[in-house]
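Observations on the three-dimensional arrangement
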Amino acid sequence: MGEPELRRLAARLRHGRGEADAQGDAWSAAVHTVALEDVERLGRERGIDLSDEAGPSGTVHG
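About the criteria used
- Residues numbered from 1 in each chain as written.
- Predicted model: local features only at pLDDT ≥ 70, side-chain atom pairs only at ≥ 80, totals over all residues.
- Heavy atoms only, no water.
- Helix = DSSP H or I, 4+ residues; strand = E, 2+ residues; numbered from the N terminus.
- Contact = heavy atoms within 4.5 Å.
- Areas by Shrake-Rupley, 256 points an atom, 1.4 Å probe, with all protein chains shown as cover.
- Expected span 1.5 Å × (residues − 1).
- Buried < 20%, exposed > 50% of the residue type's maximum accessible area, 1.4 Å probe, protein only.
- Arc of directions from axis to C-beta.
- Salt bridge = Lys/Arg side-chain N within 4 Å of Asp/Glu carboxyl O.

Remarks on the overall build of the chain
Regarding its fold elements, the chain presents 2 helices and 0 strands. Across the chain, every contact between residues at least 6 apart in sequence was considered, and the portion connecting residues at least 24 apart equals 52%. About 4,100 Å² of surface is accessible on the chain, with carbon and sulfur atoms providing 53% of the total.

If you want it as structure tokens, here you go:
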């Protein structure tokens, strides 16, 4: 999985987490958070910083 795919996956997970939060679905939000943490870790291992792709609101920039 290359950088573009990791960035897209991180963006999708952040979006899903935001939707789960908005719906009050704590379990789904937690699942998205754990998956996002795994993707961010994988990015770090490959020299890709995915941690600052979103602002405080959780919206993706760019």
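A few points about the environment of L42
The topology assignment puts L42 in helix α2 (residues 26-45). Separated by 36 residues in the primary sequence, L42 and L6 have C-alpha atoms spaced 8.4 Å apart.

Looking at α2
For an α-helix the count is 3.6 residues per turn, leaving residues at separations of three or four pointing the same way. Counted at 1.5 Å a residue, the expected span for α2 with its 20 residues is 28 Å, and the 29 Å between its end C-alpha atoms agrees. Among all positions of α2, only S28, A29, L36, V39, E40 and G43 are buried. Taken around the axis of α2, the buried residues stretch over an arc of 105°, which confines them to a single face. Exposed side of α2, more than 90 degrees from the buried face: A26, W27 and E45 are the residues found there. Buried residues in α2 make contact with α1 (3-23).

Topic: the side chain of E40
Residue position: E40 is located in helix α2. Apart from residues no more than four positions distant in its own chain, E40 is found in contact with R14, L50 and S51.

Observations regarding the pattern of salt bridges
Going through the model one piece at a time under the given rule, you end up with 4 salt bridges. Between E40 and R14 there is a salt bridge; the shortest N-O distance is 2.9 Å. Pair noted here: E40 is in helix α2 and R14 is in helix α1, with a separation of 26 residues, a long-range link. The class for E40 is buried, based on a relative accessible area of 14%. The exposure class assigned to R14 is buried, which follows from its relative accessible area of 5%. E45 serves as the salt-bridge partner of R41, at 3.0 Å between the closest nitrogen and oxygen. With R41 and E45 both in helix α2 and 4 residues apart, the pair spans about one turn of that helix.

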